[in-house]
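Chain by chain, the residues run as shown.
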Amino acid sequence: MVRCSWHGYAIEVPDQRLPADSFEYLALPLCDQLYNFAHWLTQDRSEAEDLVQETFVKALRGFSGFQAGTNFRAWIFRILRNTFLTSRTGLKLSQEEAELDSIIAADPSPEAILISKADRGVVRQAMQELPVPFREILLLCEVEEMGYEEIAQVLAIPIGTVMSRLHRARKALRAKLIDRIKGGSHGM
Amino acid sequence: MACESFSEKLDAYVDGELPPTQANEFAMHLRGCATCAVDALERIQMKRSVADAGKYYQPSVEFRKKIEASAHKPSKRGNFWGWQVVALPAALVLLISLSMIFLVSREKAKRDRVYGELADLHVATLASATPVDVISTDRHTVKPWFEGKIPFTFNLPELQGTDFVLVGGRVAYLHQTSGAQLIYRLRKHELSVFIFPDRGAESASWASDPLTTMSFTFETWSKDGLRYFVVGDVSGPDVDALSKLLRNAG
């Protein structure tokens, strides 16, 4: 296994000696990405570790059912997300869904916000405050650079829902950022 | 407003999800529309910021090792071995079956070759001007004639009360081995009895019942280290009758 950097993000390159259809070859390079996603969802290190560990166990057990040639990344991310949904933290998710629109309604003005690199911490905190459905779709789209179709596979929702949820998630994040940039140290 | 239709597609545009023609159209619009251009720029910056901020959590080295160890256990190769547990014995059974079919067919081919040679010897003897080297209906004349000519001795049956008549005998050769060929007559048919030293392993595949091949009936058996063959253009029961007399001889 070779570790290297991709967009400043540590990734693992599969060991060329492993068979290309083996679980190790496909899954191990995604370990860091899965962990990052899990930590964003759970907001807790040990919970994230448990989530990734359980995802690997489930994926390994169900690997014979994985169709070779289809999207392995979407498949394993979906396992992680489903595992999270059934966890204690994840159970709150369904309640959060109803509150989404009230968060978007907080967008006060149409003015543009331009974010510099120095605001990374602000963006991170705004993301942490987002409800999980918004947080996860933003992570899949921006961090994992998944296309709409792949996101639809992970979240098990239609592409139309991916588009509308992504739009609402961005609006919500924007509202939080404006709130933070204008309101100074609110919640920081 | 013309911008409305574009702003709806702004997300898809910045996400690279618009078809190429629509994306080009959008790019053209952005050049002439400051509002949409600022909007697009803001969203692209947001995307970058989220991407940067989102790549934040890293697993510990210990945890990564733990995951790596857990992933190395079974895999598709594991399933392959699972499949092999069933396939290996099946392959072995198949291999053994094929080997046996091959061996049986090889033995059969060898046996047919011997029968073919014996039939040739039988026909050649009958066609010969001197079918037998010792002409006698008396077994006590024929048997001693072979002494010194072949490396073994044998007993001939008493034929009194049967339809079989001893015609005579000659030395025959099969696979560079000398043996005895006796000619018997049954009604108007001639039968040959061949006696050769038995070669142990080869005897295993010989069928003991009369066998008809190439219109000749064969019967063979092994007794006291000698391999007997009876060949004739008669029926199985006739060949069997002569065989029984020979088996009980002595």
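Everything below is about the structure shown above.
All values derive from a computational prediction rather than experimental measurement. (Residues numbered from 1 in each chain as written. Chains lettered and ligands numbered in written order. Predicted model: local features only at pLDDT ≥ 70, side-chain atom pairs only at ≥ 80, totals over all residues.)

A. Main features of the overall build of chain B. Per the secondary structure count, chain B includes 8 helices and 7 strands. Long-range contacts, defined here as pairs at least 24 residues apart, represent 55% of the contacts in chain B between residues at least 6 apart. (Helix = DSSP H or I, 4+ residues; strand = E, 2+ residues; numbered from the N terminus. Contact = placed C-beta atoms within 7 Å.)

B. Structural context of unusual backbone geometry. Phi at Ala156(A) is positive, roughly 55°, even though this residue is not glycine. As for its position among the elements, Ala156(A) is in the loop between helix 8 (148-155) and helix 9 (159-183). A residue is classified by how many C-beta atoms lie within 10 Å of it, and Ala156(A), with 10 of them, is exposed. Phi is positive for Asp224(B), close to 50°, though the residue is something other than glycine. Tracing the backbone shows Asp224(B) in the loop between strand 6 (216-223) and strand 7 (226-232). (Buried ≥ 20, exposed ≤ 12 C-beta atoms within 10 Å, placed from the backbone.)

C. Looking closely at the interface of chain B and chain A. Residue-level contacts link 32 residues of chain B with 47 residues of chain A. Those elements that place two or more of their residues in the side of chain B that touches chain A are helix 2 (10-14), helix 4 (34-54), helix 5 (61-71) and helix 6 (76-127) of chain B. Ranked by residue count, the leading element in the side of chain B that touches chain A is helix 4 of chain B, at 11 residues. The class makeup of the residues in the side of chain B that touches chain A is 13 nonpolar, 8 polar and 11 charged. (Nonpolar A, V, L, I, M, F, W, Y, C, P; charged D, E, K, R; others polar.)

D. Main features of the nonpolar core. Counting 54 residues, the largest nonpolar core has Ala27(A), Leu34(A), Ala38(A), Leu80(A), Leu138(A), Ile151(A) and Leu173(A) as its most contacted members. By residue number, the principal contributor to this core is helix 7 (residues 132-143) of chain A, which donates 8 residues. Setting aside residues no more than four positions away along its own chain, Leu34(A) makes contact with Val52(A), Thr55(A), Ile76(A) and Leu80(A). Counting residues in hydrophobic clusters, the runner-up holds 27 residues, among them Leu156(B), Ala172(B), Ala180(B) and Tyr228(B). (Core = buried A, V, L, I, M, F, W, Y, C linked by C-beta atoms within 7 Å.)

E. Representation of the environment of Ala48(A). Its location among the elements puts Ala48(A) in helix 3 (residues 45-61). Linking Ala48(A) and Asn36(A), residues 12 residues apart in sequence, is a C-alpha distance of 8.2 Å. Those residues in contact with Ala48(A), other than ones at most four positions away along the chain, are Tyr35(A), Ala38(A), His39(A), Thr42(A) and Tyr57(B).

F. Fine view of the packing of helix 2 (residues 31-42) of chain A against helix 7 of chain A. Residues and elements named next belong to chain A. Look at helix 2 against helix 7: their axes get within 10 Å of each other, and the N-to-C directions meet at 160°. Our classification of the angle between helix 2 and helix 7 gives roughly antiparallel. As helix 2 packs across helix 7, the resulting crossing turns out to be right-handed. Where helix 2 approaches helix 7, its residues Asn36, Phe37, Trp40 and Leu41 are matched on the opposing element by Val132, Arg135, Glu136, Leu139 and Val143. Counted by class, the contact of helix 2 with helix 7 contains 6 nonpolar, 1 polar and 2 charged residues. (Axes fitted to C-alpha atoms, helices over the stretch in contact; angles between N-to-C directions. Parallel < 35°, antiparallel > 145°, perpendicular 65-115°, else oblique. Left-handed = near helix turned anticlockwise from the far one by under 90°.)

G. Seen up close, helix 7 of chain A. All names here are of chain A. Buried residues dominate helix 7, accounting for 11 of its 12 residues. Among the residues of helix 7, Val132, Phe134, Arg135, Glu136, Ile137, Leu138, Leu139, Leu140, Cys141, Glu142 and Val143 are the ones counted as buried. Where helix 7 terminates, the next one or two residues include glutamate 145, which has phi positive at roughly 50°.

H. Just the pairing of strand 4 (residues 189-197) of chain B, in detail. All names here are of chain B. With 7 bridges connecting them, strand 3 (residues 177-186) and strand 4 associate as antiparallel partners. What sits directly across from arginine 185, in strand 4, is glutamate 190. Linking strand 3 back to strand 4 in an antiparallel pair, the connection comprises 2 residues, with arginine 187 at a positive phi of about 50°. Bridge analysis of strand 4 against strand 7 gives 7 bridges, and the strand direction is antiparallel. Looking at the pairing, isoleucine 195 lines up with tyrosine 228 of strand 7. (Pairing = 2+ DSSP bridges.)

So far we have only geometry, and geometry alone does not tell us how the molecule works.
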